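A structural walkthrough
Single-letter residue listing:
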Amino acid sequence: MTAIGIMGGTFDPIHYGHLRAAEEVRQGFGLERVIFVPSGRPPHKPAEEVTAPEHRYVMTLLATADNPYFEVSRMEIDREGPSYTLDSLREFRRIYSPETALYFITGLDAVLGITSWNGYMELFDLADFIAVTRPGYSVQALSALGVYLGEDRFAKIHPFPVTLLAISSRDIRKRVREGKSTKYLVPDPVMKYIEKEGLYRRDADRRAVRPAGPDIMA
Ligand code: ATP
Ligand code: MG
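One structure accompanies this document, and this report is about it. (Residues numbered from 1 in each chain as written. Chains lettered and ligands numbered in written order. Predicted model: local features only at pLDDT ≥ 70, side-chain atom pairs only at ≥ 80, totals over all residues. Heavy atoms only, no water.)

A short note on the overall build of the chain
As a reminder of what qualifies: Put simply, DSSP marks the helices as runs of H or I at least four residues long and the strands as runs of E at least two long, and each gets a number from the N terminus on. Each radius of gyration reported is based on C-alpha atoms, and the globular scaling rule is 2.2 Å times the count of residues to the power 0.38. Accessibility here uses a 1.4 Å probe with only protein chains present; expressed as a share of the type maximum, an area under 20% marks a residue as buried, one over 50% as exposed, and anything in between as partly exposed. Throughout, a residue-residue contact means that at least one pair of heavy atoms, one from each residue, lies within 4.5 Å.
Along the backbone of the chain there are 12 helices and six strands. What you see for the chain is a C-alpha radius of gyration of 19 Å, in line with the 17 Å of a compact globule of 218 residues. Across its three principal directions, the C-alpha atoms of the chain cover 70 × 35 × 35 Å. Within the chain, buried positions represent 45% of all 218 residues. Put simply, 75% of the contacts in the chain that link residues at least 6 apart link residues at least 24 apart.

Following this line, the structure appears as structure tokens:
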């Protein structure tokens, strides 16, 4: 039986926490590949705080390009409206035969909030969930979900310990804003893309480095 991993996320930006977790799950579960699915419009995050989908898509491509087992899907970027995992899993189920097992990979923090996801009961008809460990979140906390999901669905959440990397996109954005280095937190090509496009810098900083407006030309 073939098994495929699906790694959803905002990837704003993608970092080594995401990449290492995906790689360890791929090996641990014998997945044929892992498909990264950058969220187009994350329903749980304020739109004005999320970087344009195309930037996040390009960074995800750059970060995964050197791994033959990693792919990136545009499905949530191209779909209109809020990006629901439910719609994506339905789409993956249409693409792959019933013999292909689908494993949706999430961090513990994300899966602990699963009862707020659109149509969360149906998600478990479409895929299994791998809950990877993340610093600050305990596997024990998962058991509370059992009450909401029922035994059969709960059994489809598989906790999986990965190398704990205390890296978050939020922290990386903050470092860039403060002019601090992000080397060894994100892959070099992603770091260079962030610099080139001037992502995550405060407007004030961006204004400072841009050529000044017409008054300086006078
Ligand atoms: P933000 O700080 O903006 O929320 P993030 O670092 O949490 O960003 P997301 O794009 O929100 O990254 O996460 C995508 C998925 O990857 C989620 O399921 C999340 O739990 C998981 N994940 C993110 N960082 C790590 C990490 N360091 N270790 C394990 N899992 C992670
Ligand atoms: Mg997050």
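Let us keep going from here.
A look at the sheet that holds strand S5 (residues 128-132)
Here is the rule we go by: Pairing between strands is defined by DSSP: at least two bridges between them are needed. A fitted line through C-alpha atoms represents every axis, and for helices the fit uses only the stretch in contact; the resulting angles, taken between N-to-C directions, go from 0 to 180 degrees.
With respect to topology, six strands assemble into an open sheet ordered S3-S2-S1-S4-S5-S6, the strand pairing being parallel. Sheet topology places strand S3 (70-72) and strand S6 (157-160) at the edges, where each strand pairs with a single neighbour. Across this sheet, the average inter-strand angle for adjacent strands is 30°, counted without regard to direction. Two elements, strand S4 (residues 101-107) and S5, share five bridges in a ladder whose sense is parallel. Looking across to S5, one finds that Tyr103 is bridged to Asp128. Seen against the sheet, helix H1 (residues 16-28) touches strand S1 (3-9), strand S2 (33-38), S3, S4, S5 and S6 and runs at an angle of roughly 145° to S2. Sheet contacts for helix H2 (residues 53-64): S2 and S3; angle to S3, the most-contacted strand, approximately 165°.

With respect to H1
Rules: Given the number of residues in a helix, its expected span is that number minus one, multiplied by 1.5 Å.
The end-to-end C-alpha distance of H1 is 18 Å, a good match for the 18 Å that 13 residues give at a rise of 1.5 Å each. Among all positions of H1, only Gly17, His18, Leu19, Ala21, Ala22, Glu24, Val25 and Arg26 are buried. At the exit of H1 stands Gly30, carrying a positive phi of roughly 60°.

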